[in-house]
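Per-entry structural report
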Amino acid sequence: MASSDYFCYMSQTSSSFLDRSTDKAADLEHRRKINFNIGKYNSVVPIGKQQFTDVNLARERAKNIKWRAIETLDQQLEEFEMKLQKRGGKVIWAETAQEALDAILTICKEKNCKSIVKSKSMVTEEIHLNKFLEENNIESVETDLGEYIQQLDDEPPYHIVTPAMHKSKEDVARLFTEKLNTPPGLSPEQLTLVARDKLREKYVRAEIGITGANFIIPEIGGIAVTENEGNARLSCSWPKTHIVVVGIEKVIPTVADLALFWPLLATYGTGQRITSYNTIVSGPRRENEPDGPDDMYVILLDNGRTNLLQNPKSRESLYCIRCGACLNACPVYKNIGGHAYGTTYSGPIGSVITPHLKDIGEWKHLSYASSLCGNCTEVCAVKINLHELLLENRHEAVEEGSSAWAEKIAWKVWRRASLSRGMMNMGNRKIKNWVVNKLIKNWSAHREELDFPASTFNQQWKEKLHNKKAPNS
Ligand code: SF4
């Protein structure tokens, strides 16, 4: 290992992140598409906000409601389980992704399932459900248009709300021609009709529908799903079995809280006043009901969320309603895009929660992928102090000793030197330039090289004093 590498040791995950980010930041076409799509988002959000008499008060109230829900999470979830069971639903507790996958596979085997329709859900991305089902010879089709496009392209979602945000309409037309043999150059409307045609037949065949949930509502033992295409509603009501996979943090205590959270999610997610379809599901079809599945299962997934829960500072990140606003506001996200992060949740919220959901040593680099400008905190629908939590992650990573030994020594030397005028005055300009620009390799990898002045601060200060006194002497 070269001497300079001691100062920039990084995990494989971190170095791949840097490689991908460097590539994407230089990709001007990528930036053009992202700016175009985020520009459209920015133009409609202020219109959505007009529905609130006091939007900041609404955000504050939402934060308080989430605070209450998370502080009493155990009771809330037990109440949800009890009420849903009373209405014929089944609740499965999954501590890990593998437990959730095993539970889904068991249900699939019981139902002799060969085909699944799935609506957009980040939590199923988190557990890599589609890949798992494919390995078990079960077809799983994404029914949200953006997710369908991503699945056709064999790519994960790029953004938590807008999965194909990085693709232009021309890109999608090309993809459909390549994968579905459609005539080239179809318009967005024509492409949507093609997707609808393909997907309708999947609903008819599917034995199971899988959805996520935007909210868990203990008061009624129900879950709420928000979407713009009606595909989630079809996924949970057409097949004979409905499986919901949801993170345990998605609780809001009462059904009345939706009156605040639905418009908030719509406005901060897409600039709408209210999303087109908002569905509450509270159990399978009952005897006197004509529609709905025979069985409904809700898988409550932990998968690292209790790590956040037990941390009094980072717990706040569990308030997130996945509106995506912080991604759209983040200068880093806008430059490197969603895929560079290499994880399910990208942008500021992804950088806050991923090190806790996975492994802080391996993923701490995401907490450094921020200018700490605070724009994410400024726009967060539920006022999570995102930039402070990024700092907190850095602090925890250092406390847990997950920084390279040379980095620790470098900071010790730096501290010692900066507290001692004598040490600061040691060495000439050439040596100082070499230490910062060459020895600390990463310093100049993404910045201009530093050029220290020829004289020390003390010398300059003395000269200044001397020059000031000179006219009177
Ligand atoms: S952290 Fe806030 S802004 Fe970001 S996705 Fe969650 S709720 Fe939205």
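Residues numbered from 1 in each chain as written. Predicted model: local features only at pLDDT ≥ 70, side-chain atom pairs only at ≥ 80, totals over all residues. Heavy atoms only, no water.

Let's shift gears to the packing of aromatic side chains. What characterises a pair of aromatic rings is the spacing of the ring centres plus the angle enclosed by the ring planes. Scanning the entire structure with this criterion turns up seven aromatic pairs. On the numbers, 6.2 Å between centres and 10° between planes, the contact of Tyr203 with Trp238 is stacked. Of this pair, Tyr203 sits in helix H10 (residues 188–205) while Trp238 sits in the loop between helix H11 (231–237) and strand S7 (241–247), and the two are 35 residues apart along the sequence. Residue classification places Trp238 among the partly exposed positions, given a relative accessible area of 43%. (Phe/Tyr/Trp six-rings, centres within 6.5 Å; stacked < 30°, edge-to-face > 60°. Helix = DSSP H or I, 4+ residues; strand = E, 2+ residues; numbered from the N terminus. Buried < 20%, exposed > 50% of the residue type's maximum accessible area, 1.4 Å probe, protein only.)

This part is about the site of the ligand. As a matter of local geometry, the ligand sits amid 14 residues, with Cys320, Cys323, Gly324, Cys326 and Cys380 nearest to it. Per-class residue counts for the shell around the ligand are 12 nonpolar, one polar and one charged. (Near = heavy atom within 4 Å. Nonpolar A, V, L, I, M, F, W, Y, C, P; charged D, E, K, R; others polar.)

Let's shift gears to the environment of His30. Residue position: His30 is located in helix H2 (residues 28–49). Residues His30 and Lys334 lie 304 residues apart in sequence; the distance between their C-alpha atoms is 9.4 Å. In this structure, His30 is in contact with Lys24, Tyr158, His166, Asn335, Ile336 and Gly337, ignoring residues within four places of it in sequence. (Contact = heavy atoms within 4.5 Å.)

With that out of the way, let us pick up the sheet that holds strand S8 (residues 277–281). Taken in spatial order, the three strands of this open sheet run S5-S6-S8, and their pairing is antiparallel. Each edge of the open sheet carries a strand with a single partner, namely strand S5 (215–217) and S8. Direction aside, neighbouring strands of the sheet carry axes that sit 20° apart on average. Sheet topology note: the strand S6 (residues 222–227)/S8 ladder contains five bridges and is antiparallel. In the strand pairing of S8, Glu227 is matched with Tyr277. Contacting S5, S6 and S8, helix H12 (residues 258–270) crosses the sheet at an angle of about 175° to S5. (Pairing = 2+ DSSP bridges. Axes fitted to C-alpha atoms, helices over the stretch in contact; angles between N-to-C directions.)

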